[in-house]
Amino acid sequence: MSKQKRHTYTYIAVIVTVLIIFSSFIPDTSYAEGNNQGETIRVGYFQLDGFNDISKDGYFSGYGYEYLMEVAKYTGWNYDFVYKTTDTATGQEHRLTYKEALKMLENGKVDLVCNVRKTADTENRFMFPSFPMSEDYGILTTSEDNIKYSRQDINSLKGITIGVLAGSSRNDEISKYLRNNNVSFQLSTFSTVEEMKTALFDTKTVDAIYTSNIRQLEGERVILRLHPSSLYVVTDKRRPQLYSQLDAALEEINVKYPEFSSELYNKYYSGPEELSISWTQEEQKYIENNPVITVGVNADFIPIEYYDKDKNKISGITGDVLEQISANTGLDFNYVIYDNCRGDSKNVEKNQIQLINSFGADYKWAAKKHVRLTSSYLNIPISVITQDYIKDYTLSNLKVAVVKNDYLTEKIKETKIYKSFVYCNSIKSCVAAVNSGNADITYIPTYSADYFGSQASYTRIRTYAVPDFNYKLCFAVPDNSDLILYKIINKAINNIPQSQIDNIIFNNILFNEQHEETFDYVYKYPVLTLTVICILWLVICMAIYCNRKLERTVKQEIQLSDKKIHIALAQTNMLVWDYDLANKRIIRTKTSKNWRGLEDRVENVPESFIESGYVHPECTEEFLKMFDNIAKGEKVASGVFRLKKVGTDGQWTDQYIWVETKITTIFDKNGKPIRAVGLTEDVTDKVNEALRLKEKASRDPLTNLLNRTSFQAYVQEFLEKEYQEGSVSALIILDTDDFKMANDTYGHIYGDEVLREIADKLAKSFRTGDFIGRLGGDEFIIFMKNANSYEMVEKKAKQICNSLVFEKDDLITTCSVGIVIVPNKYVDYELLYKYADEAMYEAKKCGKCRYVIYDASHID
């Protein structure tokens, strides 16, 4: 080998080595956080309601879509959603099915598929990340009006035909469950959930369907739920780099935003609550044979449970929950008050109590009281009420007021903080003991503490929330009660939605009607109370004096009344007149203002006013209606009308004034209208001022264009009342490009000049009937009513862009325009504004000083 060749190979080796070393310092651009290239990922977007949705106008939504958008925040991915495929046999397009999506992923036609369960088969075919995207379980559902099937009676499922999703890994679990329970069944396979629903509701070829719970339930009742498991976003095994990015993103989401999955589930799958409860035959028979249940209640547990004297019933949170249980079961409740014996077995037996309210949800406490606990319905936070001078309520030497034989008392004693207790019969007595100084502190539910703390009679107490100290309430069924009742109450409680429980709590805490007691106002407002008493005493004395004086002066008042009325009328600007309903005649009261242009007596009213042209044509209908209402027996009729103005010569002119008229009917002893008294006043100045202020309020002070509110009102009114199908109308939004730079460079005075010039040019460019307004800042808005053509709208857009160019030194200010054409049907203003705004921002993105027209004719 020659020396020259050896040098050549040496140089090549050195260059390769340097390149290899340098490349080790270049960051891996495929990593999610460093990916600035926006890699496009193909997603198998199979049909699944609430998970992979797509609207008619092509917008994606659903649990799966939003989850992938969250993943994209960490990976920088763009998505190509493959949601259609072509049937090779028929050549027709259809929504992608779950089975087809997995097949496409396996063949490399898509990169990701969501909502896949981990099984031996799927693990062999695809790569599963470390973290799931959701948790699910299988649900067997039937139509909500089908009460034949019940999980409690597994034999009711014998012979059932069940629809399942082709390729779903859950099909084996329902089969295995039914075989293990010796239930005969038949499976029918479908490509999509929609096909299964059609078979269940329309063709009725199946009795029930078995799917994942990750879908929307509409008109369905759940029979049973099986096999909780996780669902994943899976990738092709031939794409390890893609898998790595996905796994890192899912880890970030699950660690930093663990509640994301539950929020999405609540958004898309918190479907309608179950409308009915499935009762077994023995439960149904028990309800029929025992329609009334005796319930033991605490009459003084405000606001959780108390006896309402006004309504003669048990009220409060528990009372409302019992009403809901009654509605769910058909049971009625007979309430027995048993204070001072919360759960005492002898008292329960004596009163034949079958159900106990507001029982502490603690199994040790339940065993001590010989009862069974239902599901809890209320979580109670605890507060401590102290005398006002106590700052540390945890001191062991404090005297604690507690309720005898109460669960909360047991919890306080278990803390072993306090040594001295004052026993009371109710929480009200405990609070009173603290207020009077017989005890230092007491622990009560926060809801009750809020109630007592709001009463002015408790002047020496303070309330503190106790952190991490609360307990739950449930119903208790005595051990000697029927076990079937226990099951019924449990089912009824579990069927009450949490949202309804929250509403019950909210209404009882915020709108408690027993909030004020008899002397609360005396305690709260002592000075005001004393003042009221003094005033009442003076009023009584004055009433006695005035009554005696009235007897002497009543005759004088009667004599003077007519004279006073005439004097008062003479001092006013009102015209007073009588209306004879029988003869349809108006007579002016002599001492009132003259009726200029008319005689003091006018016949054939109101027709003569109309025929003479005295009333403006636009007001004739309302004017006639006012007199017609009086003739029909209405007590009062009124209105504001435009009447002919009388000149200095006493003759009518072509001008009109605004007049307010009010007519009051006078009836005979049989209730028949016989005459009326009318008052008429010239209110021209008031009306004109109101119109002027209204016009001023509707205008932008800088440009004198319509402001945002009045512009929207005019356009909305046009769309609702005047818009004609087949016409071309358009909403135009205009934004001034680089206006902030102009303001910052040359000051606001120059900026205001630009805005006024824009307003002036727009006013000259558009027709008088078009609406022109200023949205605020440097944004303007125009609505073209019934333009001649689409081309005319586009011509106006070009004119705007060409004319609204402002140059000062080296700074050029232009305008970007967004336009939406009103579709050939009614749409509201907000929707038009949205699309015009999007078009305007698209114009800015495309380089400014241009227009973009959004054709909204396809808007639903």
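Up top is the structure these notes are about.
Figured I'd write up the structure that's included with this text.

1. Observations regarding the overall build of the protein
Summing up its helical and strand segments, the protein has 26 helices and 37 strands in all. Counting all 860 residues of the protein, 44% fall into the buried class. Pairs at least 24 apart in sequence give 69% of the contacts found in the protein among residues at least 6 apart. Surface accessibility of the protein: about 46,800 Å² in total, with carbon and sulfur atoms responsible for 51%.

2. Description of unusual backbone geometry
The residue after Ile302, namely Pro303, is reached through a cis peptide bond having omega -5°. Positionally, Pro303 belongs in the loop between strand 15 (300-301) and strand 16 (305-308). A positive phi angle is found at Asn405, which is not glycine, with a value near 55°. Checked against the element boundaries, Asn405 lands in the loop between strand 21 (399-403) and helix 13 (407-415). A positive phi angle is found at Asp809, which is not glycine, with a value near 60°. Along the chain, Asp809 turns up in the loop between strand 34 (806-808) and strand 35 (811-813). The exposure class assigned to Asp809 is exposed, which follows from its relative accessible area of 65%.

3. Here's the deal with the sheet that holds strand 29 (residues 652-667)
Pairing is antiparallel in the open sheet, where six strands are placed in the order 27-26-25-30-29-28. The open sheet has two edge strands, strand 27 (601-602) and strand 28 (636-646), and neither has a second partner. Alignment of strand 25 (residues 574-580) against strand 26 (residues 585-588), held across four bridges, turns out to be antiparallel. Residue pairing across strands places Asp578 opposite Ile587, the latter belonging to strand 26. Packing of helix 21 (residues 620-631) onto the sheet brings it into contact with strand 25, strand 26, strand 28, strand 29 and strand 30 (673-682), and relative to strand 28 it is tilted by some 140°.

4. With respect to the environment of Leu755
Its place among the elements puts Leu755 in helix 24 (residues 739-765). Residue class for Leu755 comes out buried when judged on its relative accessible area of 2%. Sequence separation of Leu755 and Arg774 is 19 residues, and the distance between their C-alpha atoms is 9.4 Å. Apart from residues lying up to four places away in sequence, Leu755 is in contact with Leu702, Thr703, Phe739, Arg774, Gly777, Asp778 and Phe780.

5. Considerations on the sheet that holds strand 15
Pairing is antiparallel in the open sheet, where three strands are placed in the order 15-16-17. A single partner strand is all that each edge strand has here, and the edge strands are strand 15 and strand 17 (313-315). Looking at chain direction, strand 15 and strand 16 are connected through two bridges and run antiparallel. Each bridged residue has a counterpart across the sheet, and for Asp300 the counterpart in strand 16 is Tyr306.

6. Notes on the packing of helix 2 (residues 63-75) against helix 8 (residues 260-269)
Where helix 2 contacts helix 8, the axes come no closer than 10 Å and their chain directions differ by 150°. Taken as axis vectors, helix 2 and helix 8 run roughly antiparallel relative to one another. For helix 2 against helix 8, the interelement crossing comes out right-handed. Facing Tyr63, Glu66, Tyr67 and Glu70 of helix 2, the residues of helix 8 in contact are Phe260, Ser261, Leu264, Tyr265, Lys267, Tyr268 and Tyr269.

Conventions used here
- Residues numbered from 1 in each chain as written.
- Predicted model: local features only at pLDDT ≥ 70, side-chain atom pairs only at ≥ 80, totals over all residues.
- Heavy atoms only, no water.
- Helix = DSSP H or I, 4+ residues; strand = E, 2+ residues; numbered from the N terminus.
- Buried < 20%, exposed > 50% of the residue type's maximum accessible area, 1.4 Å probe, protein only.
- Contact = heavy atoms within 4.5 Å.
- Areas by Shrake-Rupley, 256 points an atom, 1.4 Å probe, with all protein chains shown as cover.
- Pairing = 2+ DSSP bridges.
- Axes fitted to C-alpha atoms, helices over the stretch in contact; angles between N-to-C directions.
- Parallel < 35°, antiparallel > 145°, perpendicular 65-115°, else oblique.
- Left-handed = near helix turned anticlockwise from the far one by under 90°.

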